[in-house]
Amino acid sequence: MSRSWWLRTALLVFLIIFSCAVLMPTVVEMWLYPEDKEAVTEEDEGRTPPLPEWYESLPKWMRSKTLSLGLDLQGGLMLRYSVDIDSAIDDKLSSNAANIRSQLAGMGKSVQAVTNRELNEVHIQFESAEDTKLITTEFLYDYPMLTVAQVEGSLVKLSLREGFFKEAEESAVQQAVEIIRDRIDGLGVAQPTVRVEAGRNIAVELPGLSRKRVAAAEQLISTTAVLTFKLVADQNESIDLFTNLSTHVTEGSGIYKGRGTLRADDVVDPSSRRIITSGKDILKKFVRDNETLIPGGREIVFEKIDLRERKTEVADDVDVASLPTSWRIRLVRTDLPPLSGENVETAYPASNPDTGMPYVSLKLDRTGGDTFQGITKDNIGKQLAILMDDVLVSDPVIRSEIPGGNVSIEMGRGNRQETMNEVNNLVVSLRSGALPAPIRQEYKTLVGPSLGQDSIESGMESLAIGFVLVFVFMCIYYQGSGIIAAFALLCNILFILAGMASMGAALTMPGIAGIVLTVGMSVDSNVIIFERIREEMRQGETPRKAIFIGYDKALWTILDSNITTAVAAIVLMNFGSGPVKGFAITLLLGIISTVYTAFFVTKTIFESRVHGNVEKLSI
């Protein structure tokens, strides 16, 4: 036989063995040792029953390449969020007002800078009309969202510049989609779907997410994750301000004074244990209503009270973990050089060798490292406030100058497992970047795996019936050659599944439909080739020559039809999402596999049968 025949045979054997090896982890995990998702706890990620020892000894790259099932086949979490542009703009207006007040104070001008949220304006009240000339185009260069709307005596009204709101909305939604997708990738969910729906709405589908991981996923997705570094204000200054603020607390507001600060507890539904109103939101509204009392260069942030601290406030027999989360306000300084999450080069979880508690280790870029070194050098003995969004997550005392830009964030809010979850979520959030605006959950549903099982059985049944019917037809109509076509069809399905597993793709119901369609397309290619061979044999050609001519003449006809279908599949894969994308991936892999099996696999087997002077061919 020719050298090319041996090469094709060796390639076929290699592909079959390689495909079986790639699919072996899928067979082990999905069918032989299915994972009971509801039995997996946060402490123990083991399986029942445990995986065999020989499987654990496989290379890591093989065990990580498993063919997962989509949301419609195994269930999972469906979420819909809306991007809160209004809240984001409110926060930016408040931040700009505080910065303008601080900047003018540095110029020796005492002003009141407050926001009008109904009009989306910042009002600056000067002591004299002459001072309004300070608000020039150059002054507003650092505040690109604002422009001068009106000047009335000593009052300057700054409004959003024209077109800013629409630009901010479009940009925020697109950025949120990309950041949410990056964060979900950090969870290890296969083939998640994140897409924009109706303007500000974002739909998220997480196949295979068990109930144990739902809360963690929701928290990770919705965290805006803006990391900043500030100094904690002096204790006496904080107590004076909080005492002044306490005189404005109304009865029934849910705010109370405790340990020199103002506090509020989460309002929880006693039956479902669902949080109705967060204590942080209660305090945040109160601070907004009284922002004129906050001096320039200072800012109110919020802190979740440590469980260990709460334990000292209640009786010994009270389980603090069952109590509503308690929040308090803290006062920080805003006069430090700017240092934020944008200066973070890398973030990874680490563990304290002395206590065993996990923490977040950060590496700042050169600019951030130099700034951080200067901050620690000039503020030894003071507390550094490390903030995630407007929440204080750590407030270590600066003991010495810290060069090199290496920062550690000690979480320490609960037991080790809870702290580890917080650390991992913070690391993923920092790596993916900050959301440009808060997002609000509008809808959530957990699809049960039992629904997917029915779909799997129906889909696999249709695939089996289709394959059997095609196999019987080919064997009856084309006799021995039909068996060759059936073998090529089995190889085709094997290669498609192995390709999906190696890509980390998810098998969805439309994907199964794509495999069924590929079965028909594969047989269609074989029918074209076999009919060409029959035609040549009727004209008196030998089987060997008829096979050569049949494959040669059918090549471009089959390539033409498959290339046009492949173009459509590529378009669907790039512009479609969810089920459409799953169908397109399966179809594209099926086209590639069909062309290979129809021309190379069947031709290799035919050539082995007609080796020599064979006068008859079963076709």
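Residues numbered from 1 in each chain as written. Predicted model: local features only at pLDDT ≥ 70, side-chain atom pairs only at ≥ 80, totals over all residues. Heavy atoms only, no water.

Looking at the packing of helix 14 (residues 480-503) against helix 15 (residues 509-538)
Closest axis-to-axis distance for the helix 14/helix 15 pair is 10 Å, and the angle between their directions is 145 degrees. Crossing angle aside, the handedness with which helix 14 passes helix 15 is right-handed. Seen from helix 14, the contacting residues are Ser 481, Ala 485, Leu 489, Asn 492, Ile 493, Ile 496 and Leu 497; seen from helix 15, they are Ile 515, Thr 518, Val 519, Ser 522, Val 523, Asn 526 and Phe 530. The residue makeup of the contact of helix 14 with helix 15, split by class, is 9 nonpolar, 5 polar and no charged. (Axes fitted to C-alpha atoms, helices over the stretch in contact; angles between N-to-C directions. Helix = DSSP H or I, 4+ residues; strand = E, 2+ residues; numbered from the N terminus. Left-handed = near helix turned anticlockwise from the far one by under 90°. Contact = heavy atoms within 4.5 Å. Nonpolar A, V, L, I, M, F, W, Y, C, P; charged D, E, K, R; others polar.)

Here's the deal with unusual backbone geometry
Glycine aside, a negative phi is what most residues show, and trans is what most peptide bonds show. In the Ramachandran plot, Asn 120 falls in the positive-phi region, its phi being about 55 degrees despite a non-glycine side chain. With respect to the helices and strands, Asn 120 occurs in the loop between strand 3 (112-116) and strand 4 (121-125). The backbone of Arg 259 sits at a positive phi, close to 55 degrees, despite the residue not being glycine. Tracing the backbone shows Arg 259 in the loop between strand 10 (255-258) and strand 11 (261-265). You can call Arg 259 exposed: its relative accessible area is 56%. (Buried < 20%, exposed > 50% of the residue type's maximum accessible area, 1.4 Å probe, protein only.)

Remarks on the packing of aromatic side chains
Evaluation of the coordinates by the stated rule reveals 11 aromatic pairs. A ring pair is formed by Phe 14 and Phe 18, whose centres lie 5.9 Å apart and whose planes are at 20 degrees; its orientation type is stacked. Of this pair, Phe 14 and Phe 18 both sit in helix 1 (residues 3-32), 4 residues apart, which is roughly one turn of that helix. Take Phe 18: its relative accessible area is 37%, and that puts it in the partly exposed class. Taking 5.1 Å as the distance between ring centres and 65 degrees as the angle between the ring planes, the aromatic pair formed by Tyr 478 and Phe 530 counts as edge-to-face. Remark: Phe 530 occurs in helix 15 and Tyr 478 occurs in helix 13 (residues 449-478); sequence separation between them is 52 residues. The same class applies to Tyr 478 as to Phe 530, namely buried. (Phe/Tyr/Trp six-rings, centres within 6.5 Å; stacked < 30°, edge-to-face > 60°.)

Some remarks on the confidence of the model for the protein
Of the residues in the protein, 86% reach a pLDDT of 70 or more, and the chain-wide mean stands at 80. Of the regions scoring below 50 in pLDDT, residues 35-49 engages in 18 contacts with residues more than four places distant in sequence or in other chains. (pLDDT = per-residue confidence, 0-100.)

Thoughts on the nonpolar core
Membership of the largest hydrophobic core comes to 48 residues, with the highest contact counts inside it found for Leu 507, Ile 529, Phe 530 and Ile 533. Secondary-structure elements contributing two or more residues to this core are helix 1, helix 13, helix 14, helix 15, helix 16 (543-575) and helix 17 (579-609). Top contributing element to this core by residue count: helix 14, with 12 residues. Aside from chain neighbours lying at most four places away, what touches Ile 529 is Tyr 551, Ala 554, Ile 558, Ala 598 and Phe 599. Among the nonpolar cores identified, the runner-up in size contains 43 residues, and Val 83, Leu 158, Ala 176 and Ile 179 belong to it. (Core = buried A, V, L, I, M, F, W, Y, C linked by side-chain atoms within 4.5 Å.)

Side note on the pairing of strand 17 (residues 358-364)
Taken across its 7 residues, strand 17 has 6 buried, putting it largely inside the fold. In this structure, strand 16 (residues 344-351) lies alongside strand 17, joined through 7 bridges in antiparallel fashion. Across the sheet, Thr 346 pairs through a bridge with Lys 363, a residue of strand 17. Turn length for the strand 16-strand 17 hairpin, with the two strands adjacent in sequence and antiparallel, is 6 residues, and the turn residue Gly 356 shows positive phi of about 80 degrees. Across 5 bridges, the pairing between strand 17 and strand 20 (residues 406-410) is antiparallel. Directly across from Val 360, in strand 20, lies its bridge partner Ile 409. (Pairing = 2+ DSSP bridges.)

A few points about the sheet that holds strand 5 (residues 146-152)
An order of 3-4-6-5 is seen for the 4 strands of this open sheet, with the pairing classed as antiparallel. In this open sheet, the two strands that pair with only one neighbour each are strand 3 and strand 5. Put simply, the sheet's adjacent strands are angled 25 degrees from each other on average, direction ignored. Across 5 bridges, the pairing between strand 3 and strand 4 is antiparallel. Looking at strand 4, one finds that Ala 113 is bridged to Ile 124.

Description of the sheet that holds strand 17
One open sheet accounts for 3 strands, arranged 16-17-20; its pairing is antiparallel. Each having just a single partner strand, strand 16 and strand 20 make up the two edges of the open sheet. Going across the sheet, the axis of each strand differs from the next one's by a mean of 25 degrees, ignoring polarity.

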